[in-house]
Amino acid sequence: MKKIIFFTFLIIFLLVFQILNSSKSDEEIIQLKLLKFGYPSSGYIICNETVYYKDGSKSELTNPPKMYELGGVEAYYLAKDYIDKEYGTSLESKGLMIRVEPKSIEESENYWKFKFYFGDIGSTGRFMGYISVNREKGYVDMEGLF
């Protein structure tokens, strides 16, 4: 009987531990991706005449210097706000949604890119294209079926 109780407790503990560790906020997911891209975990680093900051912003040490102030988390929230303003209420009334995926963050020299998904509310949706956010100005653009 003690073995059954012990193994039941162990299984429940491991399940709860796994669930708590796997549920990360969108910001944490993006910060982990930024670390994979080579951004520092704190402060800044200088590489090839470019200063990379923790939040995903960067400065090019050229003449004149170029500053890309928009970080990855800020770009994600700009993309979400754009979707909400442009499509939120009209799609919601029809039971549909567009979702920006934080795990899909990609970077290029001038843009942050995220995949977006379209589908019924409560579903994961289907991949429909990319949302690009200009790193310098913060302009948002959608590329895909819409």
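See the structure printed just above.
For every chain, the first residue of the written sequence is number 1, and numbering continues from 1 onward in sequence order. Totals for whole chains, interfaces and linings use every residue, but because this is a predicted model, local features are given only for residues with pLDDT of at least 70 and side-chain atom pairs only at 80 or more, for both listing and counting. In computing side-chain properties, one takes all heavy atoms of the structure into account and sets aside hydrogens as well as water.

Chemist: How would you sum up the sheet that holds strand E8 (residues 140-144)? Please name residues and give values.
Modeler: At least two bridges found by DSSP between two strands are what make those strands a pair. In this description a helix means any DSSP run of H or I spanning at least four residues, a strand means any run of E spanning at least two, and both kinds are numbered starting from the N terminus. Across the sheet, 4 strands lie side by side as E5-E6-E7-E8; this open sheet has antiparallel pairing. Of all strands in the sheet, those with a lone pairing partner are strand E5 (96-107) and E8, marking the two edges. Between one strand axis and the next, the sheet turns by 30° as a mean value, whatever way the strands run. Pairing geometry for strand E6 (residues 111-120) and strand E7 (residues 126-134), over 8 bridges, is antiparallel. To obtain each axis, a line is fitted to C-alpha atoms, and for helices this fit is confined to the stretch in contact; angles are then taken between N-to-C directions over 0 to 180 degrees.

Chemist: Just give me the short version of the side chain of Ser-57, but keep the residues and values in it.
Modeler: On the secondary structure map, Ser-57 appears in the loop between strand E2 (50-53) and strand E3 (58-60). Polar contacts involving the side chain of Ser-57 include one to the side chain of Asp-55, which spans 2.7 Å. Any two residues whose heavy atoms approach within 4.5 Å at even a single point are treated as in contact. Setting aside residues no more than four positions away along its own chain, Ser-57 makes contact with Tyr-39, Val-51, Tyr-52, Tyr-68, Glu-69, Leu-70 and Gly-71. What qualifies as a polar contact is a pair of N or O atoms within 3.5 Å, subject to a donor-acceptor requirement within protein and to the restriction that residues adjacent in sequence count only when both atoms come from side chains.

Chemist: Describe the sheet that holds strand E4 (residues 66-68), with residues and values.
Modeler: The strands that make up a sheet pair up through hydrogen bonds in the backbone, lying either parallel or antiparallel. Pairing is antiparallel in the open sheet, where 4 strands are placed in the order E1-E2-E3-E4. This sheet does not close on itself; its edge strands, each paired only once, are strand E1 (44-47) and E4. The mean angle between the axes of side-by-side strands here comes to 15°, regardless of whether they run parallel or antiparallel. Note: E3 against E4, 3 bridges, orientation antiparallel. Residue Glu-60 lies in a different strand from E4, and its bridge partner there is Lys-66.

Chemist: If you had to explain a negative patch on the surface to someone new, which residues and values would you point to?
Modeler: A surface patch of negative charge is lined by Asp-55, Glu-69, Glu-74 and Glu-136. With respect to the helices, strands and loops of the structure, Asp-55 is situated in the loop between E2 and E3. What makes a patch is a set of residues exposed beyond 30% relative accessible area and free of salt bridges, joined within 9 Å when like-charged and within 5 Å when nonpolar (Val, Leu, Ile, Met, Phe, Trp, Tyr). Under the convention used here, a 1.4 Å probe and the Shrake-Rupley method define accessible areas, while residue burial counts only the protein chains that appear. Criterion for a salt bridge: a side-chain nitrogen of Lys or Arg within 4 Å of a carboxyl oxygen of Asp or Glu. Asp and Glu are treated as the negative residues and Lys and Arg as the positive ones, with His and the ends of the chain left uncounted. Note that the charge is assigned to NZ on lysines, CZ on arginines, CG on aspartates and CD on glutamates.

Chemist: So, the pattern of salt bridges: which residues are in play, and what are the values?
Modeler: Oppositely charged side chains can form a pair if their charged atoms are brought close together. Counted by the stated rule, this structure contains 3 salt bridges. The partner of Glu-107 in a salt bridge is Arg-135, with the nearest N and O atoms 2.8 Å apart. Residue Glu-107 is located in strand E5, and its partner Arg-135 is located in the loop between E7 and E8; the two are separated by 28 residues in the primary sequence. Only protein chains enter the calculation, and the probe is 1.4 Å; a residue is then buried if its accessible area is under 20% of its type maximum, exposed if over 50%, and partly exposed in between. Residue class for Arg-135 comes out buried when judged on its relative accessible area of 0%.

Chemist: For the pairing of E7, give the residues involved together with the corresponding values.
Modeler: Between E6 and E7, which pair antiparallel one after the other, the connecting turn spans 5 residues, and Gly-122 there sits at a positive phi close to 95°. Bridge count between E7 and E8: 5 bridges; the pairing is antiparallel. Pairing of Tyr-130 across the sheet is with Glu-143, part of E8. The hairpin formed by E7 and E8 contains 5 residues between the paired strands, and Gly-138 there has a positive phi angle of roughly 85°.

Chemist: Let's hear about the side chain of Thr-50: which residues, and what values?
Modeler: Mapped onto the fold, Thr-50 is located in strand E2. In this view, Thr-50 contacts Ile-45, Lys-58, Ser-59 and Glu-60; residues no more than four positions away in its chain are not counted.

Chemist: Tell me about the nonpolar core, and please be specific about residues and values.
Modeler: Side-chain atoms within 4.5 Å are what join buried Ala, Val, Leu, Ile, Met, Phe, Trp, Tyr and Cys residues into a set we call a nonpolar core. Of all hydrophobic cores here, the largest spans 20 residues; its most connected members are Ile-30, Val-100, Trp-112, Phe-114 and Ile-131. Secondary structure elements with two or more residues in this core: helix H2 (26-37), helix H3 (72-92), E5, E6 and E7. Counting residues per element, this core draws most heavily on H3, at 6 residues. Here the limits of each domain have been adopted from an automatic or database domain assignment. Per-domain counts for this core show at least three residues from each of domain 1 (1-60) and domain 2 (72-143).

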